[in-house]
Each structure stands twice: as C-alpha cells, then as structure tokens.
Amino acid sequence: MPPRGQTPADGSRVGVRAARAADADRIGAIQVAAWRQARAAALGAAADRLDPTAFAAAWRVSLAAPPSSAHRVLVAVQDDDVVGFAATAPSSGDVAEVLALEVHPDATRAGHGSRLLAACADLAREDGARTLRTWVLEDDGARAGFLAGAGLDRDGTSRLLDVDGRDVREDRWSAAL
C-alpha cells in the first residue's frame, strides 16, 4: 500500500502506510505508551508490567507471517517517525475488525487516529467488508468520542475480560461501510 499523506500547516509530512518489519520496535513502544496512558485504570498493576520488547516481538511475528492477505498492520507517520499504528483482520462473513488502533500520547490530536481509521475502512471495503467493528473499554470516553465522531456506535454487544482477576468490560462498536 503506498503512503497516503498530506502536509499540515506546520510543514510536516503525515500519512499512513503499510507497516514493515523494521517498525515492530516502534509499534511495541507506542502500544505500551498508549495503553499506560489510556487504559491505566482498567489494567491496574498490570500496566507496570507491560513490556515494549515483548510487544515488539509479537508484532514482528505478525508482520512476517500474517494469517491472510486481509490481515493488515498500518502505521501513521509524521515526517520519518512512526507515531501510531492500526491492525485489522477479517471477522465473520463480510465484517472487518480493527484489532488495534493506537497513537503515541505525544502525537495525539494531530489527525493520525482519523487517518488510520479511514485507511482501515478503505482497505476493509476493498476486501468486500460491509461492516467495520472494534472493541472499546467501557470507561474509555476519549476513544468512544473519537469513534462516535467517525460514525461508529455501540451495537449492543459487550464482553468481559479478565485482567489480573478483575472483570473489565468492553463494548463493541460498529459501522456500515
């Protein structure tokens, strides 16, 4: 996938491109930083145990051998720096799922999340998906607001995750493509 980019008023170059194996370390670092900021309450003490190196290793494996051509990892870039990422996969039937969408806390509110989500939707549509879904922690108001602004909504499905022996609820959000 070629980079999709633009130049904001500050002159920096921003865009979205397919992730490369060389991006794995940065993706792992972004995931840990974003989770520690946005999910600290849900993760509790587990937030301190998040290891960027372990996350990077997992992303390296995913990038080297995706389960299918419809499993994708994208990165948001500003100039030459990776500042965010998203991962998508086919779900059931004509549904695509955004498995991860994170922007480094130092790069939020610059449109990177919106560009990543739009690229995810475009690629899902190209693959024949008619619905885009993702999961959001019930107390993540910032992510809920972001997704609502992008046209997604809670679809009435929720699930409980076990985080260090505590139940943490996630709600599913979806939108027609």
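See the structure printed just above.
None of these values were measured; they are calculated from a predicted model. (Residues numbered from 1 in each chain as written. Predicted model: local features only at pLDDT ≥ 70, side-chain atom pairs only at ≥ 80, totals over all residues. Heavy atoms only, no water.)

**Q** Looking at this structure, how should I read the overall build of the protein?
**A** Helices and strands together make up the secondary structure of the protein, namely five helices and eight strands. For a compact globule of 177 residues, the expected C-alpha radius of gyration is about 16 Å, and the protein comes in at 16 Å, within 12% of that figure. C-alpha extents for the protein along the principal axes are approximately 45 × 35 × 35 Å. The burial tally for the protein puts 44% of its 177 residues in the buried class. (Helix = DSSP H or I, 4+ residues; strand = E, 2+ residues; numbered from the N terminus. Rg over C-alpha atoms; globule rule 2.2 N^0.38 Å. Buried < 20%, exposed > 50% of the residue type's maximum accessible area, 1.4 Å probe, protein only.)

**Q** Can you walk me through the nonpolar core in this structure?
**A** Where a protein is soluble and globular, its nonpolar side chains tend to be buried together. Residues Leu 74, Leu 116, Leu 117 and Leu 132 are the most contacted members of the largest nonpolar core, which totals 25 residues. Of all the secondary-structure elements, those providing two or more residues to this core are strand S3 (72-78), strand S4 (81-90), strand S5 (95-103), helix H4 (112-126), strand S6 (131-137), helix H5 (141-149) and strand S8 (166-176). Top contributing element to this core by residue count: H4, with seven residues. Residues in contact with Leu 116, not counting those within four places in the same chain, are Val 16, Leu 74, Val 75, Ala 76, Gly 84, Phe 85, Ala 86, Leu 101, Glu 102 and Val 103. Residues Leu 43, Ala 46, Phe 85 and Ala 87 belong to the second largest nonpolar core, which totals 22 residues. (Core = buried A, V, L, I, M, F, W, Y, C linked by side-chain atoms within 4.5 Å. Contact = heavy atoms within 4.5 Å.)

**Q** What am I meant to see in the packing of aromatic side chains here?
**A** By convention here, two paired aromatic rings are described through the distance between centres and the angle between planes. Tallied over the full model, the rule gives two aromatic pairs. When the ring of Trp 35 is compared with that of Phe 55, the centres are 5.4 Å apart and the planes differ by 85 degrees; the resulting orientation is edge-to-face. Of this pair, Trp 35 sits in helix H1 (residues 24-38) while Phe 55 is found in helix H3 (residues 52-64), placing the two residues 20 residues apart along the sequence. You can call Trp 35 partly exposed: its relative accessible area is 22%. Among the residues examined, Phe 55 registers a relative accessible area of 17% and is labelled buried. With a centroid separation of 5.2 Å and an interplanar angle of 70 degrees, the aromatic rings of Trp 59 and Phe 85 are classed as edge-to-face. With Trp 59 in helix H3 and Phe 85 in strand S4, the pair connects residues that are 26 residues apart, well separated along the chain. Given the relative accessible area of 13%, Trp 59 is considered buried. Across the ring face of Trp 135, the terminal group of Arg 159 is positioned such that the distance to the ring centre comes to 3.9 Å. (Phe/Tyr/Trp six-rings, centres within 6.5 Å; stacked < 30°, edge-to-face > 60°. Lys NZ or Arg CZ within 6 Å of the ring centre and 35° of its normal.)

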